[in-house]
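Structure assessment
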Amino acid sequence: MNIKTTLEKYKELGEYFSPEYDRDNEVLIEFKEGNPILSKLQTIELIELLLNKSENANKYFVADLLYLYDNFDKELLEPLITIAINFKDSSFNRIFIKPCIATFGVKAIAENLTEKFNKVDIVERIGILNLIYWLRPQENGETDKLHETILEKANHTSNIIELYHYKLRYSDKIKDGKRIPSNAKELISAISGNKEYEDLLYNKLGWKRTTPANSG
């Protein structure tokens, strides 16, 4: 099967995230058996699916497929990491980052995220922060520079929403942590009436006003 046909069958089957849960997906398995190594053309097609602002199912397809490969072209790395950073559901951002870690290793991914961290806006900084949990196992100082870079920013910002996310991940390392909201309810109360913060939380970060995400 080619990429297009496999994608169509994948959507028809509707069994998204199967590899993440160690379940077989017959469509992906059939493609892998026929294509033990991804060609340059197939890699280009997968990148196009990731970059296209189309339905998320196309992106899930690429991530799920790459779970089955021990190696894939480095050209796929940037689009996968970019999607992982910007993916609103912090529970499923892992499906894009885990194949990268499996192929390129924790150190390479941590270095990539470190380089990005000081160049991106607050939304993407929080997105990077949401990926920290999946950088495992963290051994031999592979992620030390990333943690140091994040904590440096954490201790030099006054944005309460950003600080809240830092506190979730580094509760014992944040200066004046007691003044930062400890849960979503406290954060929502703290920003109520502040249009800038409300725009960041509800519009840019995608929290729901009634059922907040990332409740902590």
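Remarks on the overall build of the chain
Check the secondary structure of the chain and you find 12 helices and 0 strands. Taken from the N to the C terminus, the helices and strands of the chain come in the order α-α-α-α-α-α-α-α-α-α-α-α. What you see for the chain is a C-alpha radius of gyration of 19 Å, in line with the 17 Å of a compact globule of 216 residues. C-alpha extents for the chain along the principal axes are approximately 55 × 40 × 30 Å. The proportion of buried residues among the 216 residues of the chain is 49%. The long-range fraction of contacts in the chain, counting pairs at least 24 apart against all pairs at least 6 apart in sequence, stands at 63%. One way to put it: in the chain the 30 positive side-chain charges average out to a point 7 Å from where the 34 negative ones average out.

With respect to empty space enclosed by the protein
What the rule picks out here adds up to 1 cavity of 30 Å³ or more. Reported here for the largest cavity is a volume of approximately 130 Å³. Along the walls of the largest cavity sit 16 residues, with Phe87, Lys88, Gly127, Asn130 and Leu205 positioned nearest its centre. Listing elements by their share of the lining of the largest cavity, those giving two or more residues are helix H5 (77-86) and helix H8 (122-129). Taken together, the residues of the lining of the largest cavity sort by class into 7 nonpolar, 6 polar and 3 charged.

Some thoughts on the confidence of the model for the chain
Here the chain averages 93 in pLDDT, and 97% of its residues register 70 or above. Taken together, the stretch residues 211-216 has pLDDT below 50 and engages in 15 contacts with residues farther than four places along the chain or on a different chain.

Looking at helix H7 (residues 106-117)
Given a rise of 1.5 Å per residue, 12 residues ought to cover 16 Å, and the 16 Å separating the end C-alpha atoms of H7 matches this to within 8%. Of the residues making up H7, those classed as buried are Val106, Ile109, Ala110, Asn112, Leu113, Thr114, Lys116 and Phe117. Looking at the buried residues of H7, the elements they touch are H5, helix H6 (94-104), H8, helix H9 (144-154) and helix H10 (160-169).

Some thoughts on the environment of Lys107
Within the secondary structure, Lys107 is located in helix H7. Here Lys107 falls in the partly exposed class, since its relative accessible area comes to 46%.

Considerations on the packing of aromatic side chains
Scanning the entire structure with this criterion turns up 11 aromatic pairs. Aromatic side chains Phe72 and Phe104 sit 5.5 Å apart centroid to centroid with 85° between the ring planes, which places their arrangement in the edge-to-face category. Linking Phe72 in the loop between helix H4 (56-66) and H5 with Phe104 in helix H6, this pair joins segments that are 32 residues apart in sequence. The partly exposed category is assigned to Phe104, whose relative accessible area is 23%. The structure contains a cluster of three or more aromatic residues connected by ring pairs, namely Tyr10, Tyr16, Phe17, Tyr60, Phe61, Phe87, Phe92 and Phe96. Taking NZ or CZ as reference, Arg94 lies 5.0 Å from the ring centre of Phe92, over its face. The cationic tip of Arg136 hangs over the ring face of Tyr133; the distance from NZ or CZ to the ring centre is 4.1 Å.

Comments concerning the pattern of salt bridges
Counted by the stated rule, this structure contains 8 salt bridges. Lys204 serves as the salt-bridge partner of Asp199, at 3.6 Å between the closest nitrogen and oxygen. Overall, the relative accessible area of 28% leaves Asp199 in the partly exposed class. By relative accessible area, Lys204 is classed as partly exposed at 44%. One continuous salt-bridge network, built from bridges that share partners, spans Glu20, Arg94 and Lys98.

Concerning a negative patch on the surface
A grouping of Glu15, Glu26, Glu30 and Glu33 is seen on the molecular surface, where their side chains present a negatively charged patch. As for its position among the elements, Glu33 is in helix H2 (residues 26-34).

The rules behind the values
- Residues numbered from 1 in each chain as written.
- Predicted model: local features only at pLDDT ≥ 70, side-chain atom pairs only at ≥ 80, totals over all residues.
- Heavy atoms only, no water.
- Helix = DSSP H or I, 4+ residues; strand = E, 2+ residues; numbered from the N terminus.
- Rg over C-alpha atoms; globule rule 2.2 N^0.38 Å.
- Buried < 20%, exposed > 50% of the residue type's maximum accessible area, 1.4 Å probe, protein only.
- Contact = heavy atoms within 4.5 Å.
- Lys, Arg positive; Asp, Glu negative; His and termini not counted.
- Charge placed at Lys NZ, Arg CZ, Asp CG, Glu CD.
- 1 Å grid on protein atoms, 1.4 Å probe; cavity = no way out; pocket = protein on both sides within 12 Å on 5 of 7 lines; lining within 4 Å.
- Points joined across faces, edges and corners; volume = space filled by probe spheres on them.
- Nonpolar A, V, L, I, M, F, W, Y, C, P; charged D, E, K, R; others polar.
- pLDDT = per-residue confidence, 0-100.
- Expected span 1.5 Å × (residues − 1).
- Phe/Tyr/Trp six-rings, centres within 6.5 Å; stacked < 30°, edge-to-face > 60°.
- Lys NZ or Arg CZ within 6 Å of the ring centre and 35° of its normal.
- Salt bridge = Lys/Arg side-chain N within 4 Å of Asp/Glu carboxyl O.
- Patch = residues over 30% accessible without salt bridge, like charges linked within 9 Å, V, L, I, M, F, W, Y side chains within 5 Å.
- Areas by Shrake-Rupley, 256 points an atom, 1.4 Å probe, with all protein chains shown as cover.

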